[in-house]
Amino acid sequence: MKVYFSDFFDVDPYVIEKYGAFNISLINDFPLFIDPFLLFHSDKKEYQEMHREILHYVAFLRDQSIKIGKMSDGALRSWYCFPEIKQTWLGYSKIGNKGRGPGMDFARALNDNLHGIFSNFDDNKISRDSHIEKLCLIKENTGRDNISDFVTNLIKGYLLKYTQKFAIENIDKSNLKKFRVSHDSFNYKTKTWDPEYFVLPVYDRDFVLLTPKDLLTKDYTWINKHDLIDKFHDIVDIVSNEELRYRLNEYFFNSLPEPEYTKKGKEKAFRKKDIAMAVNEVIRKYPEFLDYYIKYKEDHGEEAKSVSKERVEEVQNLFVDELSEFINQLSKKTKFYEKHGDTLEESYGRVSFLKDIIENKDGYRIFYFKGEPIKRESDIHIMFRLTWFASLSAISREANEGRGPVDFMISKGASDKTLVEFKLASNTKLTQNLANQVEIYKKAHDTENTIKVILFFSEQEEKKVKRILEDIGISNEKYVVLIDARKDNKISASMVR
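Residues numbered from 1 in each chain as written. Predicted model: local features only at pLDDT ≥ 70, side-chain atom pairs only at ≥ 80, totals over all residues. Heavy atoms only, no water.

Caption draft 1: Main features of the pattern of salt bridges. On inspection of all chains with the given rule, the structure shows 25 salt bridges. Arg 365 serves as the salt-bridge partner of Glu 322, at 3.4 Å between the closest nitrogen and oxygen. Taken together, the residues span a long stretch of sequence, with Glu 322 in helix H15 (residues 301-333) and Arg 365 in the loop between helix H16 (343-360) and strand S8 (368-369) at a distance of 43 residues. Overall, Glu 322 belongs to the buried group, its relative accessible area being 17%. (Salt bridge = Lys/Arg side-chain N within 4 Å of Asp/Glu carboxyl O. Helix = DSSP H or I, 4+ residues; strand = E, 2+ residues; numbered from the N terminus. Buried < 20%, exposed > 50% of the residue type's maximum accessible area, 1.4 Å probe, protein only.)

As structure tokens, this is what we get:
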């Protein structure tokens, strides 16, 4: 059963852990990415040096932007647009490990700001250092994926050397190959990227890269727009200049529209999008506010390390430790990996086996981290994809053929397709999704075969979903599968006699 790096290259997972790398899957990306702040705040000299090199490159881009003015698309593609480094098997790919990377929208946004509001990014009078993440605070559509892909390309040379060292010391030569890798390092004299040769693990005719765990995080970089909006008033309070502090508050409240009644209709409140809009107005009027926010995040840098470590631990626990045991259970206690037939029966059989493992063989534990349920549909999708690696059928995730994406399409040619939708009982649009969504998908994908899988984590959620199914008349539908992921109603399988 080959799912993880350790499986494909016959390496003890402990050896990978001791080296400090994340044991990636070579089936699908894990939802992790590099946070450049962890380079800045690290005690490791090589990490600090990488952060300085990133700033050096951004300074080069700034100087070129000011010198050239309106930059050609060719220059933007050469200096700003990098492919996602799919060989790390990290990120948010819908299927496999093929993401898009930062494209022309990101390039234009960064270039525009480098001779505008971001032109003095290396002139630090408030924060201790410069941070590329500042761009996310200014420009929309330049989120965590773009910043992480941009930074990962700039430290690609380090990741190549880091993986090569591990590979030569721990992997059999038959699984290694010498690759000529482009974009290894930037040559400031020629203003081009230089290639280099590396001996690396080979999988599916491509190389694989390991990433140090202490560079990774999940959900958000430490410096991010969502956090800036949430902490707006906290940041204003630390502004030392009393006059500026007053002006920031005054401009913020003057930028807010009238509050609206809440859904309950008893009191008025500001909408989240109105608060975000007011914060954006403050940033446009007083861009120095961003530097106070960055200083605040620098001053709480130790928290960044602990938060990222916990988020990476969550992914490790969910997608590696628990899931590998989950796959072993499926293999030993069910016929999950022997199921054949048409895609409807194969898919239904596999979903039924998943249900049995989760409900009757301690499999529910996979959905819990530190006692709390993991209630994200995206996590359920990754788990399902990773368990479905041994099948003659093709599986595509979020296939989109004209009327919106569907979670999974299982197919054996054009005439044999089955759609599988995973939903959480806590989903606020569950009734609407069940009643309408999949019917639209079936028409778009030319199939009548659909399986709807719903997970619930409490007695209240169970009652809610059963009531919904009753109301829309599908409570006895065979291909609507409820999975009980509660932990409060189960006796451990090891305790059953």
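Caption draft 2: Representation of the pairing of strand S14 (residues 480-484) within the structure. Counting buried positions along S14 yields 5 of 5 residues, so the element is predominantly enclosed. Burial along S14 is two-sided: Val 480, Leu 482 and Asp 484 and Val 481 and Ile 483, pointing in opposite directions, are all buried. Summarising the sheet, strand S13 (residues 450-456) and S14 pair through 5 bridges and their orientation is parallel. From the neighbouring strand, Phe 456 faces S14, where its bridge partner is Asp 484. Between the parallel pair S13 and S14, the chain is carried across by helix H19 (residues 459-471), and the sense of this crossover is right-handed. (Pairing = 2+ DSSP bridges. Right-handed = clockwise from strand over helix to strand, strands pointing away.)

Caption draft 3: Structural context of the nonpolar core. Among the nonpolar cores identified, the biggest contains 137 residues, and Tyr 57, Leu 110, Phe 150, Phe 367 and Leu 455 are the most heavily contacted of them. Per element, the largest residue contribution to this core is 10 residues, and it comes from H15. If we ignore the near neighbours within four places in the chain, the residues touching Leu 110 are Leu 61, Tyr 80, Phe 118, Ile 132, Leu 135 and Phe 150. One finds Ala 425, Val 465, Ile 468 and Leu 482 within the second-largest nonpolar core, a separate group that totals 11 residues. (Core = buried A, V, L, I, M, F, W, Y, C linked by side-chain atoms within 4.5 Å. Contact = heavy atoms within 4.5 Å.)

Caption draft 4: Structural view of the packing of aromatic side chains. Throughout the structure, instances matching the rule amount to 30 aromatic pairs. With a centroid separation of 5.0 Å and 55° between ring planes, the pair formed by Tyr 19 and Phe 166 is classed as tilted. Of this pair, Tyr 19 sits in helix H2 (residues 13-19) while Phe 166 sits in helix H9 (residues 156-170), placing them 147 residues apart in sequence. Here Tyr 57 and Phe 150 contribute two aromatic rings whose centre-to-centre distance is 6.4 Å and whose plane-to-plane angle is 50°, an arrangement assigned as tilted. Pair noted here: Tyr 57 is in helix H4 (residues 45-68) and Phe 150 is in helix H8 (residues 144-154), with a separation of 93 residues, a long-range link. Each member of the pair Tyr 57 and Phe 150 is classed as buried. Through pairs of rings, three or more aromatic residues link up here, namely Tyr 57, Phe 60, Trp 79, Phe 82, Phe 150, Phe 186, Tyr 188 and Trp 193. Across the ring face of Tyr 197, the terminal group of Lys 178 is positioned such that the distance to the ring centre comes to 5.5 Å. The ring centre of Tyr 348 lies 4.9 Å from the NZ or CZ of Lys 478, which sits over that ring. (Phe/Tyr/Trp six-rings, centres within 6.5 Å; stacked < 30°, edge-to-face > 60°. Lys NZ or Arg CZ within 6 Å of the ring centre and 35° of its normal.)

Caption draft 5: Just the layout of surface pockets, in detail. There is about 360 Å³ of room inside the second largest pocket. Considering the residues around the second largest pocket, the lining is formed by 18 residues, among which Lys 213, Asp 214, Lys 305, Ser 308 and Lys 309 are closest to the centre. It is H15 that provides the largest number of residues to the lining of the second largest pocket, a total of 8 residues. Of the residues contributing to the lining of the second largest pocket, the split by class is 5 nonpolar, 5 polar and 8 charged. (1 Å grid on protein atoms, 1.4 Å probe; cavity = no way out; pocket = protein on both sides within 12 Å on 5 of 7 lines; lining within 4 Å. Points joined across faces, edges and corners; volume = space filled by probe spheres on them. Nonpolar A, V, L, I, M, F, W, Y, C, P; charged D, E, K, R; others polar.)

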